[in-house]
Amino acid sequence: REVSLQEISSIYQETGMEIESFVHGALCYCYSGQCLLSSLLGGRSGNRGRCAQPCRLSYQVTNAKGNIYNRKQPYPISPKDLCTLDLLPLMAEAGVFSYKIEGRMKTALYVAVVARTYRQAIDDYMKDPALYASKIPYYQEEISKCTYRQFTTGFFYGKPDENTQIYDNNTYIKEYTYLGIVGETNEEGKYCISQRNKFSVGEQIEVMKPNGDNIEATVKSIQDEEGNQMESAPHPKQILYIDLGIKLDRYDILRRKEPVTEL
């Protein structure tokens, strides 16, 4: 993820190797595998997959006299997130065979939304490049349905500049809340979920299908494991049985649209 498209193409042309490239997710302020900041500050090594992301914290940049450089930019080493949805054809032409998506320490909703969207984009491009080009606004809208920072193309067009950083804040944008994943069905035809966030009877939620469909539904009923009716589900990881008035499939993801918030 720290090379340009031109460099990827050169590597592929010289070696013929099938290349894997990081295509979406949080970027590291340092070169991958060479950052010691997390282990020094928090005892968690980013080089062992346990980064605490200290680059996202607020820092004061001072000059030699100790004067603060710019109080309005308290996040000098917090990069934007990588997003390459509109670069997929160029990456394929350069020799990228495997597209790597950030998943470590992310929710199932994040992984599902991002992986599904990139899968759709790649399949659409392979089917018809014009179809893919026409649907880029749709892909970008879908990808915004999981938590994200502002986006950048990273190193792919050359060395990043000041536009790849977020200097004035360190917030995620959140548009949807993850409610749970559909599991087995009980004898009454209710669907089992392990609940992740609070929702209530009568609420409008969305069912996210693996094939790309998003179906709106209303929560008709909620039961606990003993069959007791509940008006709401406030306790995380509680096993519940729900009725949405529509047929669900195992591994469907349930989510709720929220007013846009910053985390």
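Rules used throughout
- Residues numbered from 1 in each chain as written.
- Predicted model: local features only at pLDDT ≥ 70, side-chain atom pairs only at ≥ 80, totals over all residues.
- Heavy atoms only, no water.
- Helix = DSSP H or I, 4+ residues; strand = E, 2+ residues; numbered from the N terminus.
- Buried < 20%, exposed > 50% of the residue type's maximum accessible area, 1.4 Å probe, protein only.
- Areas by Shrake-Rupley, 256 points an atom, 1.4 Å probe, with all protein chains shown as cover.
- Lys, Arg positive; Asp, Glu negative; His and termini not counted.
- Charge placed at Lys NZ, Arg CZ, Asp CG, Glu CD.
- Phe/Tyr/Trp six-rings, centres within 6.5 Å; stacked < 30°, edge-to-face > 60°.
- Patch = residues over 30% accessible without salt bridge, like charges linked within 9 Å, V, L, I, M, F, W, Y side chains within 5 Å.
- Salt bridge = Lys/Arg side-chain N within 4 Å of Asp/Glu carboxyl O.
- Polar contact = N/O pair within 3.5 Å; in protein donor to acceptor, adjacent residues only side chain to side chain.
- Contact = heavy atoms within 4.5 Å.
- Axes fitted to C-alpha atoms, helices over the stretch in contact; angles between N-to-C directions.
- Parallel < 35°, antiparallel > 145°, perpendicular 65-115°, else oblique.
- Nonpolar A, V, L, I, M, F, W, Y, C, P; charged D, E, K, R; others polar.

Undergrad: Mind showing me how you'd approach the overall build of the protein here?
TA: Looking only at helices and strands, the protein features six helices and 14 strands. The C-alpha extent of the protein, read off along each of the three principal axes, is 65 × 50 × 30 Å. When the 263 residues of the protein are sorted by exposure, 40% land in the buried category. With an accessible surface of roughly 14800 Å², the protein has 49% of that area assigned to carbon and sulfur atoms. Each charge class in the protein can be summarised by its mean position, and for the 31 positive and 34 negative side chains these summaries are 7 Å apart.

Undergrad: What should I look at first to understand the packing of aromatic side chains in this one?
TA: Think of a pair of aromatic rings as described by two things: how far the centres are apart, and how the planes are tilted against each other in angle. Enumeration over the complete set of coordinates arrives at five aromatic pairs. Their ring planes at 50° and their centres at 5.8 Å tell us that Tyr12 and Phe97 sit as a pair that is tilted. Of the two residues, Tyr12 sits in helix 1 (residues 5-15) while Phe97 sits in strand 3 (residues 96-101), which places them 85 residues apart along the sequence. Tyr12 sits in the partly exposed class, given a relative accessible area of 25%. On the basis of relative accessible area, Phe97 is assigned to the partly exposed category, the value being 44%. Taking 5.2 Å as the distance between ring centres and 15° as the angle between the ring planes, the aromatic pair formed by Tyr148 and Phe151 counts as stacked.

Undergrad: Can you walk me through a nonpolar patch on the surface in this structure?
TA: Among the surface-exposed residues, Leu36, Leu40 and Leu41 lie close enough to one another that they form a single nonpolar patch of about 350 Å² accessible area. When you line up the elements, Leu36 lands in the loop between strand 1 (19-26) and helix 2 (37-42).

Undergrad: I tried to follow the pattern of salt bridges on my own but got confused; where do I start?
TA: Where charged atoms from two side chains of opposite charge come close, those side chains can pair. Within this structure, the stated rule accounts for 13 salt bridges. In this structure, the salt-bridge partner of Asp249 is Lys247, at a minimum N-O distance of 2.7 Å. Through salt bridges with shared partners, one network takes in Lys209, Lys247, Asp249 and Asp252.

Undergrad: Would you take a moment to explain the environment of Glu203 for this structure?
TA: Relative to the helices and strands, Glu203 is located in the loop between strand 7 (199-200) and strand 8 (204-208). As for Glu203 and Ala233, which are separated by 30 residues in sequence, their C-alpha atoms are 12 Å apart. A distance of 2.7 Å separates the side chain of Glu203 from the backbone nitrogen of Ser200, its partner in a polar contact. A distance of 3.3 Å separates polar atoms of two side chains, one belonging to Glu203 and the other to Arg256.

Undergrad: Sorry, what's going on with the side chain of Ser38 here?
TA: Structurally, the position occupied by Ser38 is in helix 2. Beyond its immediate chain neighbours, meaning those up to four positions away, Ser38 contacts Gly43, Arg44, Gly46, Arg50, Cys51, Ala52 and Pro54.

Undergrad: Looking at this structure, how should I read the environment of Arg48?
TA: By secondary structure assignment, the location of Arg48 is in the loop between helix 2 and strand 2 (81-83). For the pair Arg48 and Leu244, spaced 196 residues apart in sequence, the C-alpha separation works out to 42 Å.

Undergrad: Would you mind showing me how to read the packing of helix 4 (residues 108-127) against helix 6 (residues 136-143) here?
TA: A pair of packed helices can be characterised by two numbers: the angle between their axes and the separation between those axes. Where helix 4 meets helix 6, the closest approach of the two axes is 9 Å, and the angle between their N-to-C directions is 170°. Comparing the axis directions of helix 4 and helix 6 gives the class roughly antiparallel. Contacts from Val113, Val114, Arg116, Thr117, Tyr118, Gln120, Ala121 and Asp124 of helix 4 reach helix 6 at Tyr138, Tyr139, Glu142 and Ile143. Taken together, the residues of the contact of helix 4 with helix 6 sort by class into seven nonpolar, two polar and three charged.

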